[in-house]
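# Tertiary structure, described
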Amino acid sequence: MGAMVLPDRVPLSEYLRAAEQLRCDPVLVRAHCMKETGDENPAWKRFERHYWRRYRLASRAARRFDRAGNPRGLQARLGQFRAMDRVCQADGLINPTADAAAILSHSHGWPQIMGVHHLALGWESARGFLEAMDGNVEAQTDAYVAFIQADRRLLRAMRASDFETLARIYNGPRHARNRYVPRLISHMAAIRREGHSEFA
């Protein structure tokens, strides 16, 4: 993975572009981003252990990450991801299916799209998806739009501001424990208080 060239925060224009394509509230799109990445950082990654165990080769080097979690800081997360990816590329010389395990088992970018979805979103290879997600915010927006458009229930939820359905599909059945909906609503209120004319 090359050096990060992403901005520190997602430009407002990207929320507006996503909202226009999805025909939904841009405030909801930005609040959704804030809920997923915390500080709207397009370099953010999150490790999903159950995907890792499904796709990694059971080498000693790979198994040492089986109990790994998500480090608190961005640099620590990136460091862990890179270490996992190096192991996967080495294991891929033995079994090619293991090469992309780290990519598949992480969510990437401001919309936190899982690498496992890369084919459905138009990327032929997981590594090509990673390069796009780590290369420009516009590609992250394209992935977000494609992901939502691929699920009619999710698209309807975005257009109707149906927070419960959005949370259940995007975050899973435990969304209530994560207080997904209250936090999403709180982010929306904060954005409206900012009074950006672009979102009027």
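Higher on the page you've got the structure.
It should be emphasised that the depicted structure is a prediction, and the values quoted were computed from it without experimental measurement.

### Considerations on the environment of Pro 26
Here Pro 26 is to be found in helix α2 (residues 26-37). Classification of Pro 26 as buried rests on a relative accessible area of 16%. Put simply, Pro 26 and Glu 14 are 12 residues apart on the chain and 9.4 Å apart in space, counted from C-alpha to C-alpha.

### A few points about the packing of aromatic side chains
Tallied over the entire structure, the rule returns 7 aromatic pairs. Each ring, one from Trp 123 and one from Phe 129, has its centre 5.3 Å from the other, and the planes form 80°; the classification is edge-to-face. Neither Trp 123 nor Phe 129 differs from the other in exposure class; each is buried. Ring geometry for Phe 147 against Tyr 170: centres 5.6 Å apart, planes inclined by 85°, an arrangement best described as edge-to-face. Residue Phe 147 is located in helix α8 (residues 137-149), and its partner Tyr 170 is located in helix α10 (residues 163-171); the two are separated by 23 residues in the primary sequence. Within the aromatic cluster, the residues linked to one another by ring pairs are Tyr 15, Trp 110, Tyr 144, Phe 147 and Tyr 170. Above the plane of the ring of Phe 81 lies Lys 45, whose end atom (NZ or CZ) is 4.8 Å from the centre.

What counts, and at which threshold
Residues numbered from 1 in each chain as written. Predicted model: local features only at pLDDT ≥ 70, side-chain atom pairs only at ≥ 80, totals over all residues. Heavy atoms only, no water. Helix = DSSP H or I, 4+ residues; strand = E, 2+ residues; numbered from the N terminus. Buried < 20%, exposed > 50% of the residue type's maximum accessible area, 1.4 Å probe, protein only. Phe/Tyr/Trp six-rings, centres within 6.5 Å; stacked < 30°, edge-to-face > 60°. Lys NZ or Arg CZ within 6 Å of the ring centre and 35° of its normal.

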